[in-house]
Amino acid sequence: MHDCTQITVATSPAQVRGEWESAGGRFATREMNGDMVWVVPPGVLHRIHFDRRAILVHLYLNKEFFRSMVQDSGGDISSALVPSLLVRDQFLVELAKELYREMHLSAVNKLFTQSIATLTATHLIRTYSDKQNSVPVYRGGLGPTREKKVRAYIKNRLDQPLSLDELAKVAEMSPNYFISLFRQSMGMTPHKFVIQQRLEHARSLLEHSKLTLLEVAHLCGFQDQSQFTTTFRRYVGVTPGQYKREV
């Protein structure tokens, strides 16, 4: 039992049996194998049995987080979630796999973790809440004025840490509202967009300057040369050193 909302993603070849306290104090059970998810709201007694080894990704979201990040819903959102153990949820599976990959490539930054947490919270409320339409579906993108403002803000601060809260304030909207409209406008999350912009800036510096790789890394917002090299190779296909030699 937890005092927060637990989200766990188990990836293949997981084989799991779950038991949890349902309405009326009775225990429900379910078995499943392959990629699966369980969403356990605060205060729900549960047990998970593993018959096969698997990679697990755990996320824990507290009530304060729901209140601060999903401002449009109001009320005690986390307690409105329905216990959902051993279910198929491709959205959460892909999100967890992306988090797992990022954590093994380099230290995850604030913008990435905030984006993952906000996307997860919004998805939980839309998919697992007993309150229908508790979070509105936003459409239409940021709009030309807001998009231009956010793009300029990011471009002028590529050498600095950026957060979802910070970018949402630039757009003058709540984080969950911002991230939804940003994805519609840009076709990707703010985290991915910032990485893309940093790498474009890095390629330009590698092509047209005599800066060292470490200097380029710092000017493009990477913590160190190792993180720069890992990220550059992942998205560009070669290391920064190889790229510089080839141009």
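Conventions adopted
Residues numbered from 1 in each chain as written. Predicted model: local features only at pLDDT ≥ 70, side-chain atom pairs only at ≥ 80, totals over all residues. Heavy atoms only, no water. Helix = DSSP H or I, 4+ residues; strand = E, 2+ residues; numbered from the N terminus. Polar contact = N/O pair within 3.5 Å; in protein donor to acceptor, adjacent residues only side chain to side chain. Contact = heavy atoms within 4.5 Å. 1 Å grid on protein atoms, 1.4 Å probe; cavity = no way out; pocket = protein on both sides within 12 Å on 5 of 7 lines; lining within 4 Å. Points joined across faces, edges and corners; volume = space filled by probe spheres on them. Nonpolar A, V, L, I, M, F, W, Y, C, P; charged D, E, K, R; others polar. Buried < 20%, exposed > 50% of the residue type's maximum accessible area, 1.4 Å probe, protein only. Pairing = 2+ DSSP bridges. Axes fitted to C-alpha atoms, helices over the stretch in contact; angles between N-to-C directions. pLDDT = per-residue confidence, 0-100.

## Description of the side chain of Glu19
Relative to the elements of secondary structure, Glu19 occurs in strand β2 (residues 15–21). In terms of polar contacts, Glu19 uses its side chain to reach the side chain of Arg17, at 2.8 Å. Sequence-distant contacts of Glu19, that is, excluding residues within four places in its chain, are made with Phe27, Ala28, Thr29, Leu45, His46, Arg47, His49 and Leu85.

## Some words on the environment of Phe193
Assignment of secondary structure puts Phe193 in helix α7 (residues 190–208). The spatial distance from the C-alpha of Phe193 to the C-alpha of Phe182 is 9.6 Å, given a sequence separation of 11 residues. For Phe193, the residues in contact, after removing those within four places along its chain, are Arg151, Ile154, Phe182, Met186 and Met188.

## Observations regarding the layout of surface pockets
Size it by volume and the largest pocket reaches roughly 350 Å³. Around the largest pocket sit 24 residues that line it, and Asn109, Arg198, Gly221, Phe222 and Gln227 are the ones nearest its centre. Elements with a contribution of two residues or more to the lining of the largest pocket: α2 (90–105), α3 (110–128), α7 and α9 (225–236). When residues in the lining of the largest pocket are grouped by element, the largest group, 5 residues, is from α9. Across the lining of the largest pocket, the residue classes break down as 9 nonpolar, 10 polar and 5 charged. Lining the second largest pocket are 14 residues, and of these Leu95, Glu98, Leu119, Thr189 and Lys192 sit closest to its centre. Broken down by secondary-structure element, the contributors of at least two residues to the lining of the second largest pocket are α2, α3 and α7. Class assignment of the residues belonging to the lining of the second largest pocket gives a composition of 5 nonpolar, 4 polar and 5 charged.

## Considering the environment of Asn62
As for its placement among the helices and strands, Asn62 is situated in the loop between β6 (56–61) and α1 (63–69). Residue classification places Asn62 among the partly exposed positions, given a relative accessible area of 36%. Linking Asn62 and Pro41, residues 21 residues apart in sequence, is a C-alpha distance of 9.7 Å. Side-chain polar atoms of Asn62 contact the backbone nitrogen of Glu64, separated by 3.2 Å. Within the structure, the side chain of Asn62 is placed 2.7 Å from the backbone nitrogen of Phe65, a separation counted as a polar contact.

## Brief notes about the sheet that holds strand β7 (residues 84–87)
Two modes of strand pairing occur in sheets, parallel and antiparallel, and in both the strands are linked by backbone hydrogen bonds. Taken in spatial order, the 4 strands line up as β6-β1-β4-β7 in an open sheet, and their pairing is antiparallel. Only two strands of the sheet have a single partner each, and these edge strands are β6 and β7. Pairs of neighbouring strands in the sheet enclose a mean axial angle of 10°, with direction left out of account. For strand β4 (residues 36–40) and β7, the ladder comprises 2 bridges, and the chain directions are antiparallel. When the sheet's bridge partners are listed, Val37 is paired in β7 with Val87. The strands touched by α3 within the sheet are β1 (5–10), β4, β6 and β7, with β6 carrying the most contacts at an inclination of about 80°.

## Quick notes on the environment of Glu102
Turning to its location among the elements, Glu102 is positioned in helix α2. With sequence-adjacent residues up to four places away left out, Glu102 is seen in contact with Val108, Phe112, His191, Arg234 and Tyr235.

## Here we look at the confidence of the model for the chain
Of the residues in the chain, 91% have a pLDDT of 70 or more, and the chain-wide mean is 87. The weakest mean pLDDT in the chain belongs to α1 at 75; the strongest belongs to helix α8 (residues 213–219) at 95.

## Brief notes about the sheet that holds strand β3 (residues 27–33)
One open sheet holds the 3 strands; their spatial order is β3-β2-β5, and the pairing between them is antiparallel. The sheet terminates laterally at β3 and β5 (46–50), the two strands that pair on one side only. Direction aside, the axes of adjacent strands within the sheet are offset by 15° on average. In this sheet, β3 lies alongside β2 in antiparallel orientation, the contact comprising 7 bridges. Across the sheet, the residue bridging to Trp20 is Ala28, located in β3.

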